[in-house]
Amino acid sequence: MGTSPAVGGSPAKEQQAAGVGILLQIMMLVLSFVLGHVLRRHKFYYLPEASASLLIGLIVGVLANISDTETSISLSPKPFFSNFGAIVTFAILGTLIASVVTGVLVYIGGRLYLMYGLPFVECLMFGALISATDPVTVLSIFQELGTDVNLYALVFGESVLNDAMAISLYRTTSLVRNHASGQNFFMVIVRFLETFVGSMSAGVGVGFVSALISLLINFIFIFHVCLQNLECCLFVLFPYFSYMLAEGIGLSGIVSILFTAIVMKHYTYSNLSENSQRFASAFFHLISSLAETFTFIYMGFDIAMEKHSWSHVGFISFSVLFIVVARAANVFSCAYLVNLFRPVQQKIPLNHQKALWYSGLRGAMAFALALQSVHDLPEGHGQIIFTATTAIIVLTVLLIGGSTGTMLEALQVVGDGRDGQLGESFEGNNRYVAPSYNEDGPSGNRFKMKLKEFHKRTSSFSALDKNYLTPFFTSQNENDDDEEDGKIHSKPSLHFV
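Given the structure is predicted, the values throughout are model-derived calculations rather than measurements.

A. Fine view of the overall build of the protein. Looking only at helices and strands, one finds 18 helices and zero strands in the protein. Residues classed as buried in the protein amount to 45% of the 497 residues present. For the protein, the accessible surface area stands at approximately 24,800 Å², while carbon and sulfur atoms represent 64% of it.

B. Representation of empty space enclosed by the protein in the model. Estimates place the volume of the largest cavity at around 80 Å³. In terms of residue class, the lining of the largest cavity is made up of seven nonpolar, four polar and one charged.

C. A look at the pattern of salt bridges. Summed over all chains, the structure comprises three salt bridges. The salt bridge involving Glu 122 is made with Arg 177; its shortest N-O contact spans 3.3 Å. Here Glu 122, found in helix H5 (residues 120-130), pairs with Arg 177, found in helix H7 (residues 149-178); they are 55 residues apart in sequence, far enough to count as distant. We classify Arg 177 as partly exposed; its relative accessible area is 23%. Here Glu 247 ties to Arg 171 by a salt bridge, and the two come within 3.7 Å at their closest N and O atoms. With Glu 247 in helix H9 (residues 228-248) and Arg 171 in helix H7, this residue pair connects regions lying 76 residues apart in the sequence. Overall, the relative accessible area of 12% leaves Glu 247 in the buried class.

D. Looking closely at the packing of H5 against helix H15 (residues 381-402). Orientation of H5 relative to H15, taken along the N-to-C sense of each, is 30 degrees, at an axis distance of 11 Å. In terms of orientation, H5 lies roughly parallel with respect to H15. Viewed along their axes, H5 and H15 form a crossing whose handedness is right-handed. Residue-level inspection shows Glu 122, Phe 126, Leu 129 and Ile 130 of H5 in contact with H15, the latter providing His 381, Ile 385, Ala 388, Thr 389 and Ile 392. Looking at side-chain class alone, the contact of H5 with H15 contains six nonpolar, two polar and one charged residues.

Conventions and cut-offs
- Numbering of residues starts from 1 in every chain and runs along the sequence as written.
- Residue-level local features of this predicted model are given only where pLDDT is at least 70; pairs of side-chain atoms are given and counted only at 80 or more, and the full residue set underlies all totals for whole chains, interfaces and linings.
- The basis for every side-chain value is the complete set of non-hydrogen atoms in the structure, without hydrogens or water.
- Segments assigned H or I by DSSP are reported as helices when at least four residues long, segments assigned E as strands when at least two residues long, and all are numbered from the N terminus.
- The rule is simple: take the accessible area with a 1.4 Å probe, protein chains only, and divide by the maximum for that residue type; under 20% is buried, over 50% is exposed, in between is partly exposed.
- For every accessible area listed, the method is Shrake-Rupley and the probe measures 1.4 Å; residues are considered covered only by the protein chains on display.
- The distinction between a cavity and a pocket rests on a 1 Å grid over the protein atoms alone: a 1.4 Å probe fits inside a cavity but cannot get out, while a pocket stays open yet meets protein on both sides within 12 Å along at least five of seven lines, and a residue with an atom within 4 Å of a point counts as lining.
- Grid points are joined across faces, edges and corners, and a volume is the space filled by probe spheres set on the points.
- Each residue gets one label: Ala, Val, Leu, Ile, Met, Phe, Trp, Tyr, Cys and Pro are nonpolar, Asp, Glu, Lys and Arg are charged, and the others, such as Gly, are polar.
- Take a side-chain nitrogen of Lys or Arg and a carboxyl oxygen of Asp or Glu: if they are within 4 Å of each other, that pair is a salt bridge.
- Inter-axis angles, ranging from 0 to 180 degrees, are taken between N-to-C directions of lines fitted to C-alpha atoms, where helices are fitted over the stretch in contact.
- An angle below 35 degrees is read as roughly parallel, one above 145 as roughly antiparallel, one from 65 to 115 as roughly perpendicular, and any other as oblique.
- Handedness of a crossing follows from how the near helix is turned relative to the far one, being left-handed for an anticlockwise turn of less than a right angle and right-handed for a clockwise one.
- Contacts were defined at the residue level, with two residues in contact if any of their heavy atoms lie within 4.5 Å.

In structure tokens, the structure reads:
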């Protein structure tokens, strides 16, 4: 797909045009799969699948060619959802706290000549990118040692959602830096909401559309049993469609595909046949394993090959100290806030808070954003940030990842994640249950009464999901839901929530 010479040739415009082009290709793939399936079912052999695909490509190509002549172009796992309120608090509010604390400390350190000084906005950019956690190593050890499922869900959920927050914060601060003279605080908030909420809405919308289409396919072809190929093809394509849709309209594809995966796992996946579910799980598990392995190999190779500013040892050393402080501010303040919402027996215990604090490894997302900062920031500032980020990644992955088992044993949070059903009460001070928010405990003051009322409102989403969304977007019945509630998936992976 090309653009006409009249269209601006800036890299951002070219990237957006490329995203639209790939988006059209995905739409053609979806249409080809559906049309081919219909043609086979109706035994319409006069138009084979290859011919139908060729015609679709020709029609879209002609339309694109006509447009180019114009002068301008307008372009479940249960513990996750049971702890969703806490996960959102850690991932959204906590990431914001960590980003701001890191940025402010780095700026103050520069002003006190403790480290290389950066402008305040660039300090905030560094705080945003370094706040993205990627505890793949910690999660694998959690799983092997049988850590409490609620703790696992908190670490896993925070690491998934805080990537979206970190990307949105980085993009917002980058826009503020590039248009510093014409920005005010209100416009900064608007730009952040545009990136985060817009990308999230695109992802959720595509996820619900995929659920409806899968439900519609089951309804139309209710008497056909060989739907695995069609179901799996669409199930694989829709997340990529979500990514390219967001990129094509200037939003964040990673944020969009994240929320698409959450919705599709919760709704679309339930509409697949058993064979399709097994294939989709195996396929995405394979892809995620390959991607995770390749990502870390690539990071190691790129760290060795890229230029680094190792002369700024002070910046690196104090950055490590500052992210430790920022991580503590993130975890303990958000845990305090979450515990205000919860009854006594459902509060997050201190040893779990310490495990959350210790699990803040940095990985692929921080590395990618730091690499982007090399191109975004002039005068070698991006190179300094990139060097500090790579040092932090290596330090956290090797040291923290290697000592996770010892940390879990010291905090006594191992050995209770493999047995028992999710949400049940555990005995001991280091165990807690997923919050139900149905208890009418006494409120100590007016503030706690407000929090309790807010709980009732937020917990109504579970009722909305169970009574309306799940029956509408899936083919599950009540018995299916009850069976799912009793299951523990032994190895949730990073590709689905």
